[in-house]
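# Summary of the model geometry
Here are the chains, one letter per residue:
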Amino acid sequence: MSLIKADIGSIPGHVTVAKPLMTLAEKKMAEAQKAGIINSYYVFNAGDDTELLMTHSKGANSPEIHGLAWETFMACAQKAKKLKLYGAGQDLLSDAFSGNVKGLGPGVAEIEFKERGSDPVIVYAADKTEPAAFNYLLYKIFADPSNTSGLVIDPRMTCGFSFDVLDGKENKSVVLRSPEELYSLLALIGATETYMIKNVTRNDDGEIAAASSTTKLNYIAGKYVGKDDPVCLVRAQSGLPSVGEITSPFLHPYLVAGWMRGSHWGPFMPVGLKNSKCTLFDGPPRIVGLGVQVSDGMLAADDDGKPMVVDLFDDPAFDLARQEAMQMASFMRMHGVFQPARLGPGAMEYTTLPQCLASLEGRFKKEK
Ligand code: F6R
Ligand code: MG
Ligand code: MG
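## Topic: the overall build of the chain
Helix and strand counts for the chain come out as nine helices and 16 strands. Rg of the C-alpha trace for the chain: 20 Å, near the compact-globule value of 21 Å for 368 residues, within the 12% margin. By principal-axis analysis of the C-alpha atoms, the chain measures approximately 75 × 50 × 40 Å. Here the chain, with 368 residues, has 52% of them falling under the buried criterion. For the chain, the proportion of contacts with a sequence separation of at least 24, taken over those separated by at least 6, is 67%. Per element, the accessible surface of the chain, about 16500 Å² overall, is 55% carbon and sulfur. Where the 37 positive side-chain charges of the chain centre and where its 43 negative ones centre are 8 Å apart.

Spelled out as structure tokens, the structure:
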């Protein structure tokens, strides 16, 4: 299963994806399905990001699948340019495709697995935040028994899970086992400016349980070119966390880095697809959660062949989190451009501090 996403243009400004772009992406996916490149697909949006969910049997990092996503995004970007939509093609950082979209701008989460008797997968896609926004989420799901009671009371899960953690600054990674190395794991992934979780596997058999995108656009390009809004795939049930354990971290929202100009802390608000649009102060950062079943290599489909996708956060169970998120948003915005509403200088995607300091050079007087 591959989830590949990019911001290839939005309306108005950075709010949401325009319908004609989604329609074009769907058309490209349908053609690829007909041609036998993919088995099934679902196109959706997370705020201003276009998301391509695909099942296929080409494995992870397949040049064919990545090429298909790249061409689809290119075609959508062309259309966005014609319509003069905002930021048309902003996440496509190269003219040349070289076999893998990683490093070229789009975000990718892929899981390769042998189908079980029944295989539920939860698809998370977020806007106006960064991959490390999933650190807390994945910790809660796979390492915190107060969230996931299965870690304690399901004998198939007491072995715990291993986290592959990327140091985004040094571009190196380390695997840490929970519960044995929980405190080391938390020491790293609590530092969200540097560390992000790449994937999670079950300790006793190495079974893949989750994978997330770890693209950092600002590191790739060396300068700000857009946000690395992340995606994540989480497998559920039968010895893995249940669907409800995967969604329950969103009983309450938590603060993530991103929001306006990628430079503020804001509450991570779970929303249904109909509210997958970043409005207030370009946010708040939002996450959609979709539930699917993989069935014979396909997204399980209804009688018309349409994939059955359950919009998990389109539910009153998440009203409390949304209310709390808006209270947190209001509280954070009361601080204006002051920290802690504003990110630390090293984490801001927009900043004028260096220019400001340069222009004031010579005017600073040493204190006696
Ligand atoms: C982009 C984003 C937005 C923009 C902001 C300024 O993903 O999150 O908050 O950073 O709207 O955008 P520009 O500089 O394009 O006017
Ligand atoms: Mg945009
Ligand atoms: Mg975005």
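Resuming the write-up.
## Some details on the coordination of the magnesium ion (ligand 3)
Of the protein atoms, only Asp48 (OD), Asp49 (OD), Asp127 (OD) and Asp229 (OD) coordinate the magnesium ion (ligand 3), at distances of 2.0 to 2.3 Å. Taken in chain order, the donor set of the magnesium ion (ligand 3) reads D-D-x77-D-x101-D. Here the magnesium ion (ligand 2) and the magnesium ion (ligand 3) are spaced 5.3 Å from one another, each receiving a donor from Asp48. Residue Asp49 is found in strand E3 (residues 49-55), and its partner Asp127 is found in strand E5 (residues 119-127); the two are separated by 78 residues along the sequence. Across the pair, Asp127 and Asp49 agree in class, each one buried.

## Here we look at the coordination of the magnesium ion (ligand 2)
Coordination of the magnesium ion (ligand 2) by the protein is provided by Asp7 (OD), His14 (ND1) and Asp48 (OD), with metal-donor distances spanning 2.1 to 2.5 Å. Read in sequence order, the donor residues coordinating the magnesium ion (ligand 2) give the pattern D-x6-H-x33-D.

## As for unusual backbone geometry
Each neighbour pair has its own omega, and for Ile11 with Pro12 the value is -25 degrees, a cis peptide bond. As for its position among the elements, Pro12 is in the loop between strand E1 (2-6) and helix H1 (19-34). Across the junction of Ser178 and Pro179, the peptide omega takes the value 10 degrees, indicating a cis bond. In the Ramachandran plot, Lys84 falls in the positive-phi region, its phi being about 55 degrees despite a non-glycine side chain. Mapped onto the elements of the fold, Lys84 is located in the loop between helix H2 (63-82) and strand E4 (107-110).

## Some points on the pattern of salt bridges
Enumeration over the complete set of coordinates arrives at 17 salt bridges. The salt bridge involving Arg116 is made with Asp119; its shortest N-O contact spans 3.0 Å. Here Arg116 falls in the partly exposed class, since its relative accessible area comes to 22%. A salt bridge links Arg202 to Asp204; its shortest N-O distance comes to 3.6 Å. Look at Arg202 and you get buried, because its relative accessible area is 12%. A network of salt bridges, in which partner residues are shared, links Arg116, Asp119, Glu207 and Arg235.

## Section: the pairing of strand E6 (residues 161-167)
The element E6 is largely enclosed, with a buried count of seven among its seven residues. Between E6 and strand E7 (residues 172-178), which pair antiparallel and follow one another directly, the connecting turn spans four residues, one of which, Asn171, has a positive phi of 55 degrees. Direction of pairing for E6 relative to strand E8 (residues 195-202): antiparallel, over a ladder of seven bridges. Bridge pairing in E8 places Phe163 opposite Val200.

## As for the packing of aromatic side chains
Per the stated rule, a full pass over the model turns up 13 aromatic pairs. When the ring of Tyr42 is compared with that of Phe44, the centres are 5.9 Å apart and the planes differ by 25 degrees; the resulting orientation is stacked. Seen in terms of ring centroids, Trp259 and Phe281 are 5.3 Å apart; in terms of plane orientation they differ by 85 degrees. Their pairing is edge-to-face. With Trp259 in the loop between strand E11 (255-258) and strand E12 (264-267) and Phe281 in the loop between strand E13 (269-270) and strand E14 (286-295), this residue pair connects regions lying 22 residues apart in the sequence. The class of Phe281 is partly exposed, set by a relative accessible area of 25%. Three or more aromatic residues joined by ring pairs make a cluster, and in this case those are Tyr124, Phe134, Tyr136, Phe250, Tyr254, Phe268, Phe313 and Phe318. In this structure, Arg235 is placed above the aromatic ring of Phe113, and the distance from its NZ or CZ to the ring centre is 4.0 Å. A cation over a ring is seen here: Arg333 above Phe281, with NZ or CZ 3.8 Å from the ring centre.

Rules used in this analysis
- Residues numbered from 1 in each chain as written.
- Chains lettered and ligands numbered in written order.
- Predicted model: local features only at pLDDT ≥ 70, side-chain atom pairs only at ≥ 80, totals over all residues.
- Heavy atoms only, no water.
- Helix = DSSP H or I, 4+ residues; strand = E, 2+ residues; numbered from the N terminus.
- Rg over C-alpha atoms; globule rule 2.2 N^0.38 Å.
- Buried < 20%, exposed > 50% of the residue type's maximum accessible area, 1.4 Å probe, protein only.
- Contact = heavy atoms within 4.5 Å.
- Areas by Shrake-Rupley, 256 points an atom, 1.4 Å probe, with all protein chains shown as cover.
- Lys, Arg positive; Asp, Glu negative; His and termini not counted.
- Charge placed at Lys NZ, Arg CZ, Asp CG, Glu CD.
- Donors = N, O, S within 2.8 Å, 3.2 Å for Na, K, Ca; no water.
- Salt bridge = Lys/Arg side-chain N within 4 Å of Asp/Glu carboxyl O.
- Pairing = 2+ DSSP bridges.
- Phe/Tyr/Trp six-rings, centres within 6.5 Å; stacked < 30°, edge-to-face > 60°.
- Lys NZ or Arg CZ within 6 Å of the ring centre and 35° of its normal.

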